[in-house]
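Residues per chain, in single letters:
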Amino acid sequence: MASRSTPEDFPLPPETAAEQLKDAVRISADWSALVLRQAAAFLGHRPDTGAGDFFEFGALHSRTVYLDALLLGSLQRDHIDELTDELSEVFNSSRLARRVATLERNIALFRSTYWRQHLTAHGAANDLLLAFQKQHRLPARFDEILAEAADYSRLVQTQESQQISGALGVLTILGLPLGTALSILQVLDDNSTAHLLIALALSVAATAAALTTRYGRLVLSSLRGGGRRP
């Protein structure tokens with residue numbers, strides 16, 4: 001019942017029975033539960049005496065708060081699957097920063113809305129939820145998602161820093177020769193239009209020469225690298 005499998009579909013080796021049963025949740029002396037894969041099986045440990053027996057109350061719990069625990073676990077699993085798919089598609093677009101920002105927003109929304117490890121203040125529902133999460137490795141998978149998203153965020157920050165540094169380098173290469181030429185003309189009190197044009201031409205030539213140097217190529221490479229796909 002818990003695994004939706006039959007002995008013909010999945011013969012269970014006898015030596016693994018203890019491993020499978022070690023996570024059984026003992027709800028009370030009357031009954032226990034076992035979560036496997038998609039659902040849970042509830043087992044009574046004494047005969048059912050009929051109408052008015054405790055098992056009527058237990059059946060109500062299994063269809064309400066205990067079912068809620070399994071449904072919440074299923075929602076968590078589905079959303080973690082979606083986040084995993086988003087992680088695998090981050091580099092499918094040249095807009096890495098936007099994809100990473102969307103991914104981080106979805107992770108924050110999932111954490112604030114669905115990522116709960118306690119359904120009630122106390123009780124077996126929490127144990128059932130934790131058992132479901134353990135079956136699907138949800139805590140470990142979510143930790144992997146957080147770590148991978150943090151790596152992508154650092155990559156985006158590095159690219160943005162390179163772009164900013166490259167832009168500042170370009171402004172330096174362009175502004176230094178021009179500023180020097182204009183300062184010299186101002187000191188000499190030279191208002192000649194021809195001399196101004198010559199100074200501008202020399203500034204452009206100096207800028208072009210500076211861009212051919214190792215520093216200039218590094219600046220241009222930083223600017224181009226910010227838009228490349230990793």
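This text goes with the structure placed above it.
These numbers were taken from a predicted model, which means no experiment stands behind them. (Residues numbered from 1 in each chain as written. Predicted model: local features only at pLDDT ≥ 70, side-chain atom pairs only at ≥ 80, totals over all residues. Heavy atoms only, no water.)

### A look at the overall build of the protein chain
Piece 1. Summing up its helical and strand segments, the protein chain has 8 helices and 3 strands in all.
Piece 2. Helices and strands appear in the protein chain in the N-to-C order α-β-β-β-α-α-α-α-α-α-α.
Piece 3. Expressed as a percentage of the 230 residues in the protein chain, the buried residues total 29%.
Piece 4. Sequence separation of 24 or more characterises 66% of the internal contacts of the protein chain that already satisfy a separation of 6 or more.
Piece 5. Taken as a whole, the protein chain presents about 14600 Å² of accessible surface, with 59% of it coming from carbon and sulfur. (Helix = DSSP H or I, 4+ residues; strand = E, 2+ residues; numbered from the N terminus. Buried < 20%, exposed > 50% of the residue type's maximum accessible area, 1.4 Å probe, protein only. Contact = heavy atoms within 4.5 Å. Areas by Shrake-Rupley, 256 points an atom, 1.4 Å probe, with all protein chains shown as cover.)

### Considerations on unusual backbone geometry
Piece 1. Positive phi, normally seen in glycine, also occurs at Arg137, with a value near 55°.
Piece 2. Among the structural elements, Arg137 can be located in the loop between helix H5 (124-135) and helix H6 (138-187).

### Quick notes on the side chain of Gln76
Piece 1. Here Gln76 is to be found in helix H3 (residues 65-88).
Piece 2. Within polar-contact distance, the side chain of Gln76 engages the side chain of Gln133 at 2.8 Å.
Piece 3. In this structure Gln76 touches Phe110, Tyr114, Trp115, Arg116, Leu129, Gln133 and Leu138, once residues within four positions along its chain are discounted. (Polar contact = N/O pair within 3.5 Å; in protein donor to acceptor, adjacent residues only side chain to side chain.)

### Remarks on the sheet that holds strand E2 (residues 31-36)
Piece 1. Overall, antiparallel pairing links the 3 strands, which are arranged E1-E2-E3 in an open sheet. A strand with exactly one partner marks an edge of an open sheet, and here the two such strands are strand E1 (25-26) and strand E3 (39-44).
Piece 2. Direction of pairing for E2 relative to E3: antiparallel, over a ladder of 6 bridges. Its bridge partner being in E3, Val35 is matched across the sheet by Ala40.
Piece 3. Sheet contacts for H5: E1, E2 and E3; angle to E2, the most-contacted strand, approximately 25°. (Pairing = 2+ DSSP bridges. Axes fitted to C-alpha atoms, helices over the stretch in contact; angles between N-to-C directions.)

### Considering the pattern of salt bridges
Piece 1. A complete count under the given rule lists 6 salt bridges for this structure.
Piece 2. Among the salt bridges present, the one from Asp81 reaches Arg141, with a minimum N-O distance of 2.6 Å. With Asp81 in helix H3 and Arg141 in helix H6, the pair connects residues that are 60 residues apart, well separated along the chain.
Piece 3. For Arg141, a relative accessible area of 18% corresponds to the buried category.
Piece 4. Between Glu144 and Arg137 there is a salt bridge, and its shortest N-O distance comes to 3.5 Å.
Piece 5. Taking relative accessible area as the criterion, Glu144 reaches 47% and is therefore assigned partly exposed.
Piece 6. Judged by relative accessible area, Arg137 falls into the partly exposed class, the value being 45%.
Piece 7. Overlapping salt bridges, with partners in common, bring together Asp30, Arg46 and Asp53 in one network. (Salt bridge = Lys/Arg side-chain N within 4 Å of Asp/Glu carboxyl O.)

### Re the side chain of Arg77
Piece 1. Locating Arg77 in the fold gives a position in helix H3.
Piece 2. Setting aside its immediate chain neighbours within four residues, Arg77 contacts Gln38, Phe132, His136 and Leu138.

### Concerning the packing of H3 against helix H4 (residues 96-113)
Piece 1. The interhelical angle for the contact between H3 and H4, taken along N-to-C directions, is 170°, at an axis separation of 11 Å. Judged on the interaxial angle alone, H4 and H3 are roughly antiparallel. Here Gln76, His79, Ile80, Leu83, Glu86 and Leu87 of H3 come into contact with H4, specifically with Leu103, Asn106, Ile107 and Phe110.
Piece 2. The residue makeup of the contact of H3 with H4, split by class, is 6 nonpolar, 3 polar and 1 charged. (Parallel < 35°, antiparallel > 145°, perpendicular 65-115°, else oblique. Nonpolar A, V, L, I, M, F, W, Y, C, P; charged D, E, K, R; others polar.)

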